[in-house]
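Fold and contact review
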Amino acid sequence: MIDIKNLVISTPSQEIVHGVDLHIDKAERVGLIGASGSGKSLIVQAILGILPPSMSVQGEIFVNSRNVLQMSDTERASMRGTVMSAVFQNPMTALNPMVTVEKNIELPLKMHYSLSRDERHSRVEEALTHVGLEREIMSRYPSQISGGQAQRVAIAEALIGHPQVLIADEPTTALDSIVQQGIINLLVQRTEHQGAAVLFTSHDFSVISRVAQRCYVINNGEIVEEGDLESIINSPHHDYTVQLIEAARDIAISGNDTVDSSRGE
Ligand SMILES: Nc1ncnc2c1ncn2[C@@H]1O[C@H](COP(=O)(O)OP(=O)(O)OP(=O)(O)O)[C@@H](O)[C@H]1O
C-alpha cells in the first residue's frame, strides 16, 4: 500500500531525515515512534505532499505503486480523502473555524463524490454516530466543541471518503489521558471496520502499543529499529528503544483494551 524507499529530507543547510525505508501493508496499523524533533512529522508531510517549500526531498514514496513525489499537486489532491487521509495533533487547526461541523465533515464528499445535499447530510449523520457524537453537534462551529470532540469530528471527516490509509500524526498528544484513550479506541475500531491501514506517529510507547501491530523507531532522522510491536517491546535491540519503553507509563498490546471510547469528553 505504502512503500517508502531511501527518503531523505533536507533544509538548505542540513539533512534532517536520512534515508528512511518504511512499508505499510493494506489494512495494517503501523507505528512510527521517536522523540520530539526526530523527524516523524516531516515524513508524514512528505507522504502527504505538504512539506514546506524550503525543504528538499529525495527518494521514493510509493502509494499503491505510484510515486507521490512525482505527482502533480492536482493528482495528489485527488488522492486526499479517498486514498489517503490525515489527522493531526491539533484538531482545531485541521477544521475550518468559519463553517459548521457538518460543512467540515462533508468536504471530502463534496470534492470526490456527486451526491445530493440530502445524501451528504445523511452520510454526515452516520459518520457522527460512528465517531460517538450526537447529531446535534452538526450545526455547531469548531469553537463551540471540546478538543476531544473536535478530534472526533476530524476523524469523521478523514474517514468519510473511505480512504485506504489514515495517517495520524500525534493525534492524541494535545488531549488529556482519558480523552486520549477514547480517541485511540475509536481510531482502531473505525479503521479496522473500514479496512483502512494506519500510520500512527507518537513519542509515547504507551500510545503506540494501543494502536500499532508493527512499528518503526526513529532517532535523529534515522530508523534504528523495526518489527512486530510485541517483539520490540519484549526484546528491544537499540538503547534508544529501551529508553522509549522505559519512559512509557504503561504498555498494552493493541486490541486488549475495552475502555469506553467516549468517556470523559
Ligand atoms: N519548516 C522547517 N524548517 C526547518 N526545520 C524544520 C522545519 N520543520 C521541522 N524542522 C526540524 O526538523 C526536525 C524534525 O522535525 P519534525 O517536526 O519532523 O519532528 P517530530 O519528530 O515530528 O517532532 P514532534 O514530536 O515534536 O512533532 C526538527 O529538528 C525540527 O526543528
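Read on for an overview of the structure. Quantities reported herein were computed from a predicted structural model and do not represent experimental measurements.

Moving on, we come to the overall build of the protein. In terms of regular secondary structure, the protein is built from ten helices and ten strands. In summary, the protein has a C-alpha radius of gyration of 18 Å against a globular reference of 18 Å for 265 residues, a match within 12%. Across its three principal axes, the protein shows a C-alpha extent of roughly 55 × 45 × 30 Å. With 265 residues in all, the protein has 43% of them scored as buried.

Judged by nonpolar contacts, the single largest core of 73 residues is most densely connected at Val 165 and Val 198. In terms of residues, this core owes the most to one element, helix 6 (residues 147-159), which gives seven residues.

What follows is about the pairing of strand 3 (residues 29-33). With five of five residues buried, strand 3 lies mostly within the body of the structure. Alternating residues of strand 3 divide into Arg 29, Gly 31 and Ile 33 and Val 30 and Leu 32, and every residue in both groups is buried. Summarising the sheet, strand 3 and strand 8 (residues 197-202) pair through five bridges and their orientation is parallel. Considered in strand 8, the bridge of Arg 29 is made with Val 198. Examined bridge by bridge, strand 3 and strand 9 (residues 214-219) share four bridges and lie parallel to one another. Paired with Gly 31 across the strands is Cys 215, a residue of strand 9.

Before going further, it helps to examine unusual backbone geometry. Phi is positive for Asn 64, which is not a glycine, with a value near 50 degrees. If you trace the backbone, Asn 64 turns up in the loop between strand 4 (56-63) and strand 5 (66-67). Judged by local crowding, Asn 64 falls into the partly exposed class, with 14 C-beta atoms found within 10 Å. Unusually for a residue other than glycine, Glu 170 sits at a positive phi of about 50 degrees. Looking at the secondary structure, you find Glu 170 in the loop between strand 7 (165-169) and helix 7 (177-194). Judged by local crowding, Glu 170 falls into the buried class, with 21 C-beta atoms found within 10 Å.

Parameters and conventions
- Residues numbered from 1 in each chain as written.
- Predicted model: local features only at pLDDT ≥ 70, side-chain atom pairs only at ≥ 80, totals over all residues.
- Helix = DSSP H or I, 4+ residues; strand = E, 2+ residues; numbered from the N terminus.
- Rg over C-alpha atoms; globule rule 2.2 N^0.38 Å.
- Buried ≥ 20, exposed ≤ 12 C-beta atoms within 10 Å, placed from the backbone.
- Core = buried A, V, L, I, M, F, W, Y, C linked by C-beta atoms within 7 Å.
- Pairing = 2+ DSSP bridges.

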